[in-house]
Amino acid sequence: MNYQEFLDYIYKRHSGNVRLGLERMEAILKEMDEPNNKISGIHIAGTNGKGSTAAMCEAICKEHGLKTGLNTSPHLVDYRERIRINCQNVKLKELMQTYKKWEDVFEKYEASFFEITTAMAFWLFYKHNIEASIFEVGLGGRLDGTKPFNSAVTVITSISYDHTKSLGNKIEKIAFEKAGILKQTIPVVLGKMPDEAYRVISEIASQKNIPIWNFQNNFKVQNVSIDSKGTHLDYSDEETTLKDLKLNLIGKHQANNAALAITASKLFLKNIGILPNSNKIRIALQKTDWLGRMQILQHNPLVL
């Protein structure tokens, strides 16, 4: 079975099984011996900026010598983009072997395409002894297939109107759904968002004894500028100032995403006993490669 045959097979077989809720995902993971509880890392929700923030977290953790796993959705060109190990797409042979290993379980619970992909990511990251797993929420948070992830840091990048049919048509309701990934005492990093969204999330965080790192209050970016080579910014938090960082992604919004990624990665590194290194953060941001986001394909003439 080649790549396209494999993708057609799992998509046609499982794409019609979408159903919000965690019962199936939790049952599947239990049969897989709960790989989601044997890995740790950073869990990222939000309306915009999740993928870019996740990619920067991946780069920062890898630059600090950690084995990394990144699970994102959707993919841009290749389905294997959804599961990356050490910044490389999972090998097709291993992906197919993993699917075949657990196919009976997926069939038993009539798993959806997204549930299967997420479950395989959990399993592969456990199998590869990944030290820093980064998961991007697919839809919402409270009922998303990534929710069972045993993360050490949570990020909510932004709150706006998205998937209103599933999440609700009020900012407060959407914020409540996104905040569903918050875990007892696990720190959360919050990006720019409406006041009403922040109030909902902070109330939930208070109930769960969760410390909040809030954009502008606890960390910020300044002196943002953009040229054809990327985005330049100064980052500062309560203990560090990093001047003239160069980000290999274009856009003022990417400066904000970088601030989230730096803050979340620093929290995670400290959690596992690694002292964050400013120079490694600087190098990682320059290495971050996230295709299709204001990507320059050619300079003369300029093609975006």
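Notes on the structure in this doc start here. (Residues numbered from 1 in each chain as written. Predicted model: local features only at pLDDT ≥ 70, side-chain atom pairs only at ≥ 80, totals over all residues. Heavy atoms only, no water.)

1. A few points about the pattern of salt bridges
The cut-off we apply is this: One speaks of a salt bridge when a side-chain nitrogen belonging to Lys or Arg is within 4 Å of a carboxyl oxygen belonging to Asp or Glu. What counts as a helix is a DSSP run of H or I of at least four residues, what counts as a strand is a run of E of at least two, and both are numbered from the N terminus. Throughout this description, buried means an accessible area under 20% of the type-specific maximum (1.4 Å probe, protein chains only), exposed means over 50%, and partly exposed covers the range between.
Evaluation of the coordinates by the stated rule reveals 14 salt bridges. When the shortest N-O distance is used, the salt bridge between Lys100 and Glu103 registers 2.7 Å. Taken together, the residues span about one helical turn, with Lys100 and Glu103 both in helix H4 (residues 92-108) at a distance of three residues. Judged by relative accessible area, Lys100 falls into the exposed class, the value being 54%. Asp237 serves as the salt-bridge partner of Lys266, at 2.6 Å between the closest nitrogen and oxygen. Separated by 29 residues along the polypeptide, Lys266 in helix H9 (residues 252-271) and Asp237 in strand E10 (residues 230-237) bring together distant segments of the chain. What makes Lys266 buried here is its relative accessible area of 6%. Taken together, the shared-partner salt bridges connect Asp237, Glu239, Lys266 and Lys270 into one network.

2. Some points on the side chain of Glu136
For the record, the criterion: Note on charges: Lys and Arg go in the positive column, Asp and Glu in the negative column, and His and the chain ends are not counted at all. Here a polar contact means two N or O atoms within 3.5 Å. Within protein one must be a hydrogen donor candidate and the other an acceptor candidate, and residues neighboring in sequence count only if both atoms are side-chain atoms. The contact definition used throughout considers only heavy atoms, calling two residues in contact when any of these lie within 4.5 Å.
With respect to the element layout, Glu136 can be found in strand E5 (residues 132-136). For the buried Glu136, which has no salt bridge, the nearest side chain bearing the opposite charge is Lys50, at an N-O separation of 4.2 Å. From its side chain, Glu136 meets the backbone nitrogen of Ser73 in a polar contact 3.3 Å long. Dropping the residues within four chain positions of it, Glu136 is found in contact with Ile44, Lys50, Gly51, Asn71, Thr72, Ser73 and Thr146.

3. Here's the deal with the packing of aromatic side chains
Put simply, the rule is: Any two rings among Phe, Tyr and Trp, with Trp reduced to its six-membered ring, count as a pair given centres within 6.5 Å; such a pair is stacked if its planes are under 30 degrees apart, edge-to-face if over 60, and tilted if neither.
Inspection of the entire model under this criterion finds 12 aromatic pairs. Aromatic pair Trp102 and Trp123: ring centres 5.2 Å apart, planes at 75 degrees, arrangement edge-to-face. Of this pair, Trp102 sits in helix H4 while Trp123 sits in helix H5 (residues 113-127); the two residues are 21 residues apart in sequence, bridging distant segments of the chain. Relative to Phe219, the ring of Phe215 has its centre 5.6 Å away and its plane inclined at 80 degrees; by these criteria the two rings are edge-to-face. The class of Phe215 is buried, set by a relative accessible area of 6%. An aromatic cluster is built from Phe6, Tyr9, Tyr79, Tyr99, Phe106 and Phe113, whose rings are joined through pairwise contacts.

4. Topic: the sheet that holds E10
Here is the rule we go by: Paired strands are those between which DSSP finds at least two bridges. Lines are fitted to the C-alpha atoms to define the axes, a helix being fitted only along its stretch in contact, and any angle between axes, read from their N-to-C directions, falls within 0 to 180 degrees.
Strand order in the open sheet made by the three strands is E9-E10-E11, with antiparallel pairing throughout. If you trace the sheet from one side to the other, it starts and ends with strand E9 (219-227) and strand E11 (241-247), each paired once. Mean inter-strand twist for the sheet, computed between neighbouring axes without regard to direction, equals 20 degrees. Pairing analysis gives seven bridges linking E9 to E10, with the strands arranged antiparallel. Each residue of the ladder has a partner; that of Ile226, found in E10, is Thr231. With respect to the sheet, H9 is in contact with E9, E10 and E11, its orientation differing from that of E9 by roughly 140 degrees.

5. Focus on the side chain of Lys178
Inspection of the secondary structure puts Lys178 in helix H7 (residues 171-178). At 3.4 Å, the side chain of Lys178 forms a polar contact with the backbone oxygen of Gly46.

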